[in-house]
Amino acid sequence: MSELHKFIFDGLPVRGAIVRLTDAWQEILQRRAGNSETGAYPEAVAALLGEMSAASVLMQSNIKFNGALVFQIMGDGPVKLAVAEVQSDLSLRVTASLAGEVNYPLKGQQAPLANLVNARGAGRCAVTLDPKDRQPGQQPYQGVVSLNDQNGGRFERLSDALQFYMQQSEQLDTVMVLAANDKIAAGLMLQRMPVKGEANLAAATESGDAEHDAQGLNEEYNRIATLASSLKQEELLTLDVDTILRRLFWEEKLLRFAPQADELAPRFACTCSRERVGTMLVSLGEQEVESVLAERGQIEVGCDFCGQQYHFDPIDAARLFTDAKTQPPSSAAVQ
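Since this is a predicted model, take the numbers as computed values, not measurements. (Residues numbered from 1 in each chain as written. Predicted model: local features only at pLDDT ≥ 70, side-chain atom pairs only at ≥ 80, totals over all residues. Heavy atoms only, no water.)

Caption draft 1: Here's a closer look at the packing of helix H2 (residues 43-61) against helix H4 (residues 158-169). In contact at an axis separation of 11 Å, H2 and H4 are set at 30° when each is read in the N-to-C sense. Relative to H4, the element H2 lies roughly parallel. At the point where H2 passes H4, the crossing takes the right-handed sense. For the pair H2 and H4, contact is made by Leu-48, Glu-51, Met-52, Ala-55 and Met-59 and by Leu-158, Leu-162 and Met-166, respectively. (Axes fitted to C-alpha atoms, helices over the stretch in contact; angles between N-to-C directions. Helix = DSSP H or I, 4+ residues; strand = E, 2+ residues; numbered from the N terminus. Parallel < 35°, antiparallel > 145°, perpendicular 65-115°, else oblique. Left-handed = near helix turned anticlockwise from the far one by under 90°. Contact = heavy atoms within 4.5 Å.)

Caption draft 2: Region of the structure containing the pairing of strand S9 (residues 185-192). Judged by how many residues are buried, S9 sits mostly within the fold: eight of eight residues are covered. Bridge analysis of strand S2 (residues 14-21) against S9 gives eight bridges, and the strand direction is antiparallel. Across the sheet, residue Val-14 finds its bridge partner in S9, namely Arg-192. Note: strand S8 (residues 174-180) against S9, seven bridges, orientation antiparallel. (Buried < 20%, exposed > 50% of the residue type's maximum accessible area, 1.4 Å probe, protein only. Pairing = 2+ DSSP bridges.)

Caption draft 3: Geometry of the pattern of salt bridges. Counting across every chain of the model gives 14 salt bridges. Asp-89 is the salt-bridge partner of Arg-267, the closest N and O atoms lying 2.8 Å from each other. Residue Arg-267 is found in strand S11 (residues 267-268), and its partner Asp-89 is found in the loop between strand S4 (79-86) and strand S5 (91-98); the two are separated by 178 residues along the sequence. Close ionic contact of Arg-223 with Glu-252 constitutes a salt bridge, the shortest N to O distance being 2.3 Å. Separated by 29 residues along the polypeptide, Arg-223 in helix H5 (residues 219-229) and Glu-252 in the loop between helix H7 (241-249) and strand S10 (254-256) bring together distant segments of the chain. Taken together, the shared-partner salt bridges connect Glu-220, Arg-223 and Glu-252 into one network. (Salt bridge = Lys/Arg side-chain N within 4 Å of Asp/Glu carboxyl O.)

Caption draft 4: The sheet that holds strand S7 (residues 141-146), seen in detail. As summarised here, the arrangement of the six strands in space is S7-S6-S3-S4-S5-S11, forming an open sheet in which the pairing is mixed. Sheet topology places S7 and S11 at the edges, where each strand pairs with a single neighbour. With seven bridges connecting them, S4 and S5 associate as antiparallel partners. Its bridge partner lying in S5, Ala-82 is registered against Ala-96.

Caption draft 5: Spatial organisation of the environment of Thr-128. One can find Thr-128 in strand S6 (residues 124-131). For Thr-128, a relative accessible area of 11% translates into the label buried. Between the alpha carbons of Thr-128 and Glu-85 there is a distance of 9.4 Å; along the sequence they are 43 residues apart. When sequence neighbours within four positions are dropped, the list of residues in contact with Thr-128 reads Ala-68, Leu-69, Val-70, Gln-72, Pro-140, Tyr-141 and Gln-142. Of the polar contacts made by the side chain of Thr-128, one reaches the side chain of Gln-142; its length is 2.8 Å. (Polar contact = N/O pair within 3.5 Å; in protein donor to acceptor, adjacent residues only side chain to side chain.)

Caption draft 6: Molecular detail of the side chain of Arg-31. Relative to the helices and strands, Arg-31 resides in helix H1 (residues 23-33). Arg-31 has contacts with Phe-268, Cys-270, Cys-272, Cys-306, Gly-307, Gln-308 and Tyr-310, leaving out every residue within four places of it along the chain.

Caption draft 7: A look at the sheet that holds S2. With respect to topology, five strands assemble into an open sheet ordered S8-S9-S2-S1-S10, the strand pairing being antiparallel. Each end of this open sheet is capped by a strand with a single partner; those strands are S8 and S10. For this sheet, the mean angle separating the axes of adjacent strands, direction not counted, is 15°. Across the sheet, H4 is in contact with S8 and S9; its angle to S8 comes to roughly 150°.

Caption draft 8: Quick look at the environment of Trp-25. Topologically, Trp-25 is positioned in helix H1. Trp-25 sits in the buried class, given a relative accessible area of 1%. The residues contacting Trp-25, other than those within four sequence positions of it, are Ala-46, Leu-49, Gly-50, Ser-53, Val-94, Asn-181, Asp-182, Lys-183, Ile-184 and Ala-185. From its side chain, Trp-25 meets the backbone oxygen of Asn-181 in a polar contact 2.8 Å long.

Caption draft 9: Fine view of H4. Its twelve residues place the ends of H4 16 Å apart at the C-alpha level, agreeing with the 16 Å of an ideal helix rising 1.5 Å per residue. Judged by how many residues are buried, H4 sits mostly within the fold: nine of twelve residues are covered. Listing the buried residues of H4 in full gives Leu-158, Ser-159, Ala-161, Leu-162, Gln-163, Phe-164, Tyr-165, Met-166 and Ser-169. (Expected span 1.5 Å × (residues − 1).)

Caption draft 10: Representation of H1. Buried within H1 are the following residues: Ala-24, Trp-25, Ile-28, Leu-29, Arg-31 and Arg-32. Projected down its long axis, H1 carries its buried residues within an arc of 160°, all on one side. Buried positions along H1 lie against S2, H2, S5, S9, S11 and strand S13 (309-312). (Arc of directions from axis to C-beta.)

Structural data, given as structure tokens:
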């Protein structure tokens with residue numbers, strides 16, 4: 001089962017989390033692979049989406065926000081757009097739009113972000129917070145940064161691009177380690193918390209000077225960040241959470257929260273359903289649906305987001321319109 005583990009370092013301005021997406025990630029891949037039109041994602045694209053899934057869950061879990069966190073990367077490579085969406089209950093879905101063939105074998109390393117998305121340096125990274133109950137006139141919050149570093153170099157790893165985003169857009173020192181294969185998508189995130197205003201962090205400094213809160217200047221955070229950065233992708237994918245934390249921080253005093261597992265665990269969820277597709281077909285009209293059935297023998301509709309396909313034969317279609325005559329009209333989109 002997928003799981004999320006959160007922790008802090010006693011008396012230090014550092015918080016962390018580890019996510020392991022197993023059943024949720026496998027369902028995402030299976031839905032896309034089962035689509036007869038698109039087929040499975042290329043290996044490098046799947047790895048990129050897995051890392052985005054893990055990163056999005058980590059980011060959503062660290063904010064108190066009732067709504068969707070939408071993480072997007074877009075650019076001028078064969079991956080035109082990749083999106084990961086995580087709700088406040090940690091339900092998630094991902095998708096990617098391809099503009100060309102992807103021929104980048106992974107060979108045990110991270111997906112080549114520069115080649116996939118940022119081929120000519122025009123790539124961008126965006127994180128949007130969309131409130132569930134948006135007030136009139138309220139706009140979603142969005143932060144956008146380039147997929148290039150301050151010197152114009154293209155980020156090769158998604159984790160580096162996200163660390164840059166956190167520093168530039170959110171002013172948060174952050175370390176991320178991300179990895180994914182066809183069985184698991186996993187991530188480790190550490191962040192420096194502000195010293196001021198946090199009573200439990202008083203031990204981090206005697207003076208409480210502003211310099212301890214400045215980006216990159218907190219020595220305790222820098223030391224722990226160096227330890228976290230030593231985690232290898234293979235370790236993240238194969239070791240359990242207890243082993244990872246023990247290997248990395250065996251000299252530190254960790255305070256761990258109860259893991260979010262079972263019904264509280266991150267899970268796959270898409271807004272598409274057979275009922276919504278049926279409603280859409282009814283809105284097209286009985287004549288149009290019968291025309292498609294006469295030509296093809298059945299109707300096949302795929303969700304643009306998750307790839308799930310829904311099939312309707314003539315009997316299914318007839319039942320839709322029979323039921324519609326006794327119900328109020330409604331409409332729904334499939335995405």
